[in-house]
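The residues making up each chain are set out below.
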Amino acid sequence: MTNTSRNNVSKDHDHGRTDIKIIGFGNKFRSDDGIGIRIIKELEKLEFFKDIEIIDGGTSGTDLIFWIKNCEKIIIIDAIDTGQNTGDVINIKVDDIEEFIKKDYKSLSLHDLNLADVLKLIKALKINTRISIIGIKPKSIDFGDKLSPEIERKIPKIISEIKKETSR
Amino acid sequence: MVKNLNVEISPISRVEGHGDLIINIKDKKVEQLTFRIPESPRFFEAMMVGRKYDEPSHIASRICGICSVAHTCASIKATEKALGITPSPQTISLRKLVYHHENVQSNVLHVYFLAAPDFFGVGSVIPLVETHPDVVNIALRTKKMANDMVRIIGGRAIHPIRIVVGGFTKLPTEEEMVKMKEMLQASYQDFEKTLSVLKTLNIPAFERETEYISISDAVDYALYDGSIKSSDGWEIDDQNYLDKIKEKIVRHSTSKHCWASRDAFMVGALARFNNNYDKLTDNARKYAEELGLKAPCYNPFMNNIAQFVEIIHSVDDSIRLIDEILEEGIDKDKAMVDIVPKAGRGVGVVEAPRGLLIHDYTYNDRGRVEKANMIIPTGMNYANIEKDMDALIPTVIDKSEDEIKLSCEMLIRAYDPCISCSTHFLNVKLINK
């Protein structure tokens, strides 16, 4: 699994809190699709998150199952289109996976099994981890190594949402 | 039975990325067959230009989450060739070891999660949790084992960071090597169970002989390094790939199609199996025999069985590599070699899980990329997929529309296309059967 702890060394239990993990997904060379990875880099700099395992999930999909196991709560950061306006940040609680899947949200990053399939699989495997997805609707997912200015501006808001979510 | 059919499968599910398949059948004859790939701009090639020699492999690693070790290694090999760098034998052994496990990661995902649902006659992996929980659990255990192998050696399970031009930034410890060997040994019981399940699969009895191209080595079942070999009887140095492998633009796709001795060729697990069967371990050959896979095999649906056989080979060969590395002892002084920038061109050719992957870089005397070209395996297979489809449809023409669609989708999935390496969307359209 792609696991970026601060010294870039992967360990299973190298953080204080074991109840919660934060994972960013995306391709950092597809413009706003890289928001999840960019946020992870920002969180790594912040003292607030020093006890929490934060993971650069890249463009993996099925591996979410391994991260989610043995964890009470997981916060996923991703570019996601739920029909909201471009740049709008949303916080989805996946209490009911069936309901989430029915809504046909378009997550843009998981490239092997898509997010809906991975969530179905998680449910079928009876993994009961609480899941929150903090997403932003991208402006562009064309090839490029920079976020759109509209998305870049929302980084503080996304981090603020993550902070709130870690204490819920 | 239908006479006319107009089908668009859009998008094809359970393949990496997206694309279109359009089939137009009139009076039971195929009038139009288009496997259309809307390829994105050659962004990554352009992105390499101007980069210092230590950057391209990290960029390449992000091209795809499934083939990140392959892109990393192809990139590193191209750079090392261009700059005249010879890594230590220890580095080569560790690269071969990590390389095996990206192949395992990818093959597991494809065999168990993406292709198996077809052969079990269910729509996706989800129903398998209820009907075949053993299979799903084996898949997850094997994927986790391969993830851990790549993480221990590469620093991350995907997008590895320790594998760099000149060697490794950090080496695994001997304790970690022993742990990895134990993990590998523990995996065999799962393969025995998988074997009994795979034997029950109903694999279509379709055959079409084509040209099979892979890398090849005098000793290894080549994945990390070798010359380029064709089943049509030629073998060339990997630096000279342009002598044989040609690319052309086709009207119906913005993706280039490739050809060599004929108008199409196949790359991937089945091509490797056909060309390098005698380099497989005895154990892997035994599994192949049990599953009815013999070289040469001309059934593209058997690509999935070849992928499973490769998992066995990779586990067997990894244990051998670990024993060798431990016997030599891990030497930190051999982790990196000195790098002196210079002008030159280098080609890095590896076997990505889906087949031949080529990175071709030209550096200036300051050690910065002046030109980059990449050819991905899925791009090489496009033309062959179309040829297979052309031959397959007449054999299923008397079936229902749904069955024809499924056969076509299964064929495409059997190739395990990783369209996300080069493109974004895949759809399938069947017109006027």
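Residues numbered from 1 in each chain as written. Chains lettered and ligands numbered in written order. Predicted model: local features only at pLDDT ≥ 70, side-chain atom pairs only at ≥ 80, totals over all residues.

**Student:** Teacher, can you tell me more about the overall build of chain A here?
**Tutor:** When helices and strands are counted, chain A shows six helices and six strands. Listed by position from the N terminus, the elements making up chain A come as β-α-β-α-β-β-α-β-α-β-α-α. Relative to its 168 residues, chain A shows a buried fraction of 47%. Considering only contacts in chain A between residues 6 or more positions apart, those separated by 24 or more positions represent 79%. (Helix = DSSP H or I, 4+ residues; strand = E, 2+ residues; numbered from the N terminus. Buried ≥ 20, exposed ≤ 12 C-beta atoms within 10 Å, placed from the backbone. Contact = placed C-beta atoms within 7 Å.)

**Student:** Would you mind showing me how to read the sheet that holds strand S11 (residues 265-266) of chain B here?
**Tutor:** The strands that make up a sheet are held in pairs by hydrogen bonds between backbone atoms, and each pair lies either parallel or antiparallel. Residue and element names in this part refer to chain B. With mixed pairing, the four strands of this open sheet are ordered in space as S8-S7-S6-S11. Edge positions in the sheet fall to strand S8 (235-236) and S11, since each has one partner strand and no second. When strand S6 (residues 211-216) meets strand S7 (residues 227-230), the two strands line up antiparallel, connected through four bridges. Counted as the bridge partner of Ile215 is Ile228 from S7. Sitting on the sheet, helix H9 (residues 269-276) is in contact with S6, S7 and S11, with an inclination near 75° to S6. (Pairing = 2+ DSSP bridges. Axes fitted to C-alpha atoms, helices over the stretch in contact; angles between N-to-C directions.)

**Student:** What is the right way to read the packing of helix H1 (residues 35-44) of chain A against helix H6 (residues 155-166) of chain A from this model?
**Tutor:** To describe two helices that pack against each other, one gives the angle between their axes and the distance between the axes. Residues and elements named next belong to chain A. Look at H1 against H6: their axes get within 11 Å of each other, and the N-to-C directions meet at 70°. With respect to H6, the axis of H1 lies roughly perpendicular. For the pair H1 and H6, the crossing hand works out as right-handed. From H1, Ile39, Glu42 and Leu43 reach across to H6, where they touch Ile155, Ile158 and Ile159. (Parallel < 35°, antiparallel > 145°, perpendicular 65-115°, else oblique. Left-handed = near helix turned anticlockwise from the far one by under 90°.)

**Student:** Would you explain unusual backbone geometry in this entry?
**Tutor:** Glycine aside, negative phi is the norm for most residues, and most peptide bonds take the trans geometry. Residue B:Pro296 is reached from B:Ala295 by a cis peptide bond, and omega for that bond is -5°. The residue B:Pro296 is located in the loop between helix H10 (282-290) and helix H11 (303-328) in this model. Phi angles above zero are rare outside glycine, and A:Lys126 is one such case at about 60°. Of note in the backbone geometry, B:His159 takes a positive phi value of approximately 50° without being a glycine.

**Student:** How should the sheet that holds strand S14 (residues 369-375) of chain B be read in this particular structure?
**Tutor:** All names here are of chain B. With antiparallel pairing, three strands are arranged side by side in an open sheet as S12-S13-S14. At either margin of the open sheet sits one strand with a lone partner, and together these are strand S12 (344-352) and S14. Strand after strand, the sheet turns through a mean of 15° between neighbouring axes, direction not considered. One ladder, built from six bridges, connects strand S13 (residues 355-363) with S14; its direction is antiparallel.

**Student:** In this structure, what is going on with the nonpolar core? I would like to understand it.
**Tutor:** Residue and element names in this part refer to chain B. Within the largest apolar cluster, 159 residues are counted, with the highest numbers of intra-cluster contacts made by Cys73, Val309, Val349, Val350 and Ile358. Take this core: its biggest share by element is 13 residues, from helix H4 (residues 89-120). In contact with Val309, not counting residues within four places along its chain, are Phe273, Ala284, Tyr287, Ala288 and Leu293. (Core = buried A, V, L, I, M, F, W, Y, C linked by C-beta atoms within 7 Å.)

**Student:** Which parts of the structure should I look at to understand H4(B)?
**Tutor:** Side chains that are three or four residues apart share a direction in an α-helix, a result of its 3.6 residues per turn. All names here are of chain B. For H4, which comprises 32 residues, the first-to-last C-alpha distance of 44 Å matches the rise-based estimate of 46 Å (1.5 Å per residue) to within 8%. Along H4, 26 of the 32 residues are buried, which leaves the element largely enclosed by surrounding structure. The positive-phi residue at the C-terminal boundary of H4 is Gly121, with phi of around 75°. (Expected span 1.5 Å × (residues − 1).)

**Student:** Just to check I follow, could you spell out the environment of B:Pro127 for this structure?
**Tutor:** With respect to the helices and strands, B:Pro127 occurs in helix H5 (residues 126-131). Taking the C-alpha atoms as reference points, B:Pro127 and B:Pro117, ten residues apart in sequence, are found 8.4 Å from one another.

**Student:** How should the confidence of the model for chain B be read in this particular structure?
**Tutor:** Reading predicted coordinates in detail is not appropriate for stretches of low pLDDT. All names here are of chain B. On average, chain B scores 87 in pLDDT, and the residues at 70 or more come to 88%. In the model, residues 13-17 has pLDDT below 50 throughout and makes 21 contacts with residues more than four positions away in sequence or in other chains. Here residues 419-433 scores under 50 on pLDDT; set against residues more than four positions off or in separate chains, the count is 100 contacts. (pLDDT = per-residue confidence, 0-100.)

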